[in-house]
Amino acid sequence: MEKKLMSRKKPTFPINEQLNKYLQTYNRNTKIPVSYDDLLRFSGSIVVYDRHDEDTLWVRCYYSDFDREEIDNSLKRVYLILHSDGRSEHLDFLNVDAIDYCTFGNSKPFRIKVRNVLNDNFTYFYVKKADASRIYGLDFEHILSPNRINFLVYKDTLIEEHIAGIPGDVFIKEKLPECSDRARNEIAKQFVKFDERCTLRLLGDMRSYNYVVIPTHDFDHVDYKIRAIDFDQQNYEGNLKVYQPHFFKENRPMVKMVSELLQDSSVEQYRKEERSQVAKRLITSEKRFRMLIRCMIKDRVSSDENVKMLRNQLVSFTRDIRFKRCKTMGHILKTALDFVKRNYLEIE
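Residue positions are given per chain, counted from 1 along the sequence in the order it is written. Local features in this predicted model are restricted to residues whose pLDDT is 70 or higher, and side-chain atom pairs enter the listing and the counts only when it is 80 or higher, whereas totals over whole chains, interfaces and linings include all residues. Calculation of side-chain values draws on the structure's entire complement of heavy atoms; hydrogens and water are dropped beforehand.

Trainee: Please clarify how the layout of surface pockets should be interpreted in this entry.
Mentor: Take a probe with the size of a water molecule and roll it over the atoms, and the empty space left behind shows itself. For cavity detection a 1 Å grid was placed over the protein atoms alone, and a set of points counts as a cavity when a 1.4 Å probe fits there but cannot get out; an open set counts as a pocket when protein lies on both sides within 12 Å along at least five of seven lines, with lining residues being those that have an atom within 4 Å of a point. Grid points are joined across faces, edges and corners, and a volume is the space filled by probe spheres set on the points. Approximately 510 Å³ is the volume attributed to the second largest pocket. Considering the residues around the second largest pocket, the lining is formed by 22 residues, among which Glu196, Leu200, Arg275, Phe339 and Val340 are closest to the centre. A helix here means a DSSP run of H or I that spans at least four residues, while a strand means a run of E at least two residues long, and both kinds are numbered starting from the N terminus. For the lining of the second largest pocket, the secondary-structure elements that each account for two or more residues are α6 (181-201), α8 (264-284), α10 (304-318) and α11 (329-347). Top contributing element to the lining of the second largest pocket by residue count: α11, with 6 residues. We call Asp, Glu, Lys and Arg charged. Ala, Val, Leu, Ile, Met, Phe, Trp, Tyr, Cys and Pro are nonpolar, and the rest, Gly among them, are polar. Counted by class, the lining of the second largest pocket contains 10 nonpolar, 6 polar and 6 charged residues.

Below, the structure is given as structure tokens:
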């Protein structure tokens, strides 16, 4: 049953000229000194294991002495461009501790660990192949979610900042059983909101390892947020269930917790709250959203078969016949968000 939810492999879509102009307008397109293909020149690797000695599906890459010096300097400059003003006076205080390569999934990213040698603080960033649908997903997350995303694009290379948090699958297995009743209620609420947000903006494949749970300590308790970390499946699949996290078997413990702890009226309340928040973000970011959605409407980020399937399912799901006129995934997303905005304004 699970295998039928999604296609086996999503193709990579090139960045067209209009999307490239959008990225330049909003300072996402910046010249960087290293490319994804440069990092593929590693001469060897070893498996990276977690603290339970289980394979993480990442391998640590090793380079020749000549390549390593050049790549390290380039990656340190990328870090400064991503997190600072790009000036090189702090270059000597940085060290590239590890370059890891993921052998699992569509994007096959490199994960770069950069450490400040003065105080041993470190952070990560990712180097991936630039893919138009992933870039749409990142920027729609920036516009429509409560979170902000920092990323750079240069030619066919994408640089993404690291999103800190506990991976959803790890949290469900190790942390959730230890949570108090109050914490479980809060997590259930946040999962409902996360589920609704993914459905509204058509962000797919939110299996438990594609989002993180972020605990935040308040005065006398811990709050929780759920945040997507993989944006590969923005408007690609034709099956509406792919955009609804509660249909994935990996999320069943979360779904079970919601059904046990929250009444139907509370679930509907939290969904309305999230729809209202998305509508407000649409209104306050209207100019930027309009420019981005125009790029997507003219772009091809899925197959005609998927467009037709999703269009028909959304007609049945929303009873809005406007979806019947949609020819592209961008048009479908615009119609879906117009539906959210229109209902919010009518209630207001």
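Trainee: In this structure, what is going on with the packing of aromatic side chains? I would like to understand it.
Mentor: Both the distance between ring centres and the angle between the ring planes are used here to describe each pair of aromatic rings. Between rings of Phe, Tyr and Trp, where Trp is taken as its six-membered ring, a pair exists when centres lie within 6.5 Å; planes separated by under 30 degrees are stacked, by over 60 edge-to-face, and by other angles tilted. On inspection of all chains with the given rule, the structure shows 12 aromatic pairs. Ring centres 5.0 Å apart and planes at 45 degrees place the aromatic pair Tyr22 and Tyr26 in the tilted group. Buried residues are those whose accessible area, probed at 1.4 Å on protein chains only, stays under 20% of the maximum for their type, while exposed residues exceed 50% and partly exposed ones sit between those limits. A relative accessible area of 0% places Tyr22 in the buried class. For Tyr26, a relative accessible area of 23% corresponds to the partly exposed category. The ring of Trp58 is capped by Arg111, whose NZ or CZ atom sits 4.1 Å from the centre of that ring. Only when the NZ of Lys or the CZ of Arg is both within 6 Å of the ring centre and within 35 degrees of the ring normal is a charge said to sit over the ring. The ring of Tyr26 has Arg288 lying over it, and the distance from NZ or CZ to the ring centre is 4.3 Å.

Trainee: Which parts of the structure should I look at to understand the environment of Lys241?
Mentor: Summarising the element assignment, Lys241 is placed in the loop between β10 (222-228) and α7 (252-261). Sequence separation between Lys241 and Tyr126 is 115 residues; the distance between their C-alpha atoms is 29 Å. Every residue pair with non-hydrogen atoms within 4.5 Å of one another is taken to be in contact. Leave out the neighbours within four places in its chain, and Lys241 touches Leu5, Phe247 and Phe248.

Trainee: What is the right way to read the packing of helix α4 (residues 132-144) against helix α9 (residues 286-298) from this model?
Mentor: A pair of packed helices is captured by two measures, namely the crossing angle of their axes and the spacing between those axes. A fitted line through C-alpha atoms serves as each axis, taken over the contacting stretch for helices, and the angle formed by two N-to-C directions is quoted from 0 to 180°. Where α4 meets α9, the closest approach of the two axes is 11 Å, and the angle between their N-to-C directions is 160 degrees. One finds that α4 runs roughly antiparallel with respect to α9. Crossing of α4 against α9: the hand is left-handed. Contact residues: α4 offers Tyr136, Asp139, Phe140, His142 and Ile143, while α9 offers Arg288, Phe289, Leu292, Ile293, Cys295 and Met296. Considering only residue class, the contact of α4 with α9 consists of 8 nonpolar, 1 polar and 2 charged. Throughout this description, any angle smaller than 35 degrees is read as roughly parallel, any larger than 145 degrees as roughly antiparallel, any in the 65 to 115 degree range as roughly perpendicular, and the remainder as oblique. Handedness of a crossing is defined here by the sense of rotation of the near helix relative to the far one, left-handed for an anticlockwise turn of less than a right angle and right-handed for a clockwise turn.

Trainee: Honestly, the nonpolar core in this entry has me stumped. Any pointers?
Mentor: In a soluble, globular protein the nonpolar side chains are often hidden away together inside. As used here, the term nonpolar core means buried Ala, Val, Leu, Ile, Met, Phe, Trp, Tyr and Cys residues forming a set that is joined through side-chain atoms within 4.5 Å. In terms of nonpolar packing, the biggest core is built from 71 residues, with Tyr136, Phe140, Phe171, Tyr211, Met254 and Ile332 touching the most fellow members. Broken down by element, the residue count for this core peaks at 8 residues, all from α6. Ignoring anything within four residues of it in the chain, the contact list for Phe140 reads Ser145, Arg201, Gln234, Phe289, Leu292, Ile293, Met296 and Leu333. Within the second largest apolar cluster, 25 residues are counted, among which are Ile32, Ile71, Tyr101 and Val127.

Trainee: Whenever I open this one, α4 confuses me. Can you help?
Mentor: Every α-helix carries 3.6 residues per turn, so stepping three or four residues along brings you back to the same face. Given a rise of 1.5 Å per residue, 13 residues ought to cover 18 Å, and the 18 Å separating the end C-alpha atoms of α4 matches this to within 8%. Among the 13 residues in α4, 13 count as buried, and that is most of the element. Here the expected length of a helix is defined as 1.5 Å per residue gap, with one fewer gap than residues.

Trainee: Help me out: how do you make sense of the sheet that holds β10 in this one?
Mentor: Where strands meet in a sheet, backbone hydrogen bonds hold them as pairs that are either parallel or antiparallel. A pair of strands is treated as paired once DSSP finds two or more bridges between them. If you walk across this open sheet you meet the 3 strands as β8-β9-β10, and the pairing is antiparallel. Edge positions in the sheet fall to β8 (166-167) and β10, since each of these pairs with one other strand and no more. Here β8 runs beside strand β9 (residues 211-217); their pairing, made up of 2 bridges, is antiparallel. Following the sheet pairing, Ile166 is matched in β9 by Val213.

Trainee: Before we go on, may I ask you to explain the pairing of strand β7 (residues 157-161) in this structure?
Mentor: The side chains of a regular strand alternate between both faces of the sheet. Burial runs high along β7: 5 of the 5 residues are buried. In β7, alternate side chains face the same way, and those of Thr157, Ile159 and Glu161 on one face and Leu158 and Glu160 on the other are all buried. When strand β5 (residues 122-129) meets β7, the two strands line up antiparallel, connected through 5 bridges. In the strand pairing of β7, Lys129 is matched with Thr157. Hairpin connection, strand β6 (residues 151-154) to β7: the antiparallel pair is bridged by 2 residues, and Lys155 has positive phi, about 55 degrees.

Trainee: Looking at this model, I keep getting lost on the sheet that holds β6. Mind explaining?
Mentor: Reading across from one edge, β1-β2-β3-β4-β5-β7-β6 is the order of the 7 strands in this open sheet, with antiparallel pairing throughout. On the outer flanks of this sheet lie β1 (44-49) and β6, each paired with one strand and no other. When the angles between neighbouring strand axes are averaged without regard to direction, this sheet yields 30 degrees. Sheet analysis places β1 next to strand β2 (residues 55-62), joined by 6 bridges and oriented antiparallel. What sits directly across from Gly44, in β2, is Tyr62. Strands in contact with helix α3 (residues 65-83) are β2, β3 (94-102), β4 (110-116), β5, β6 and β7; relative to β3, the strand with the most contacts, it is inclined by about 100 degrees.

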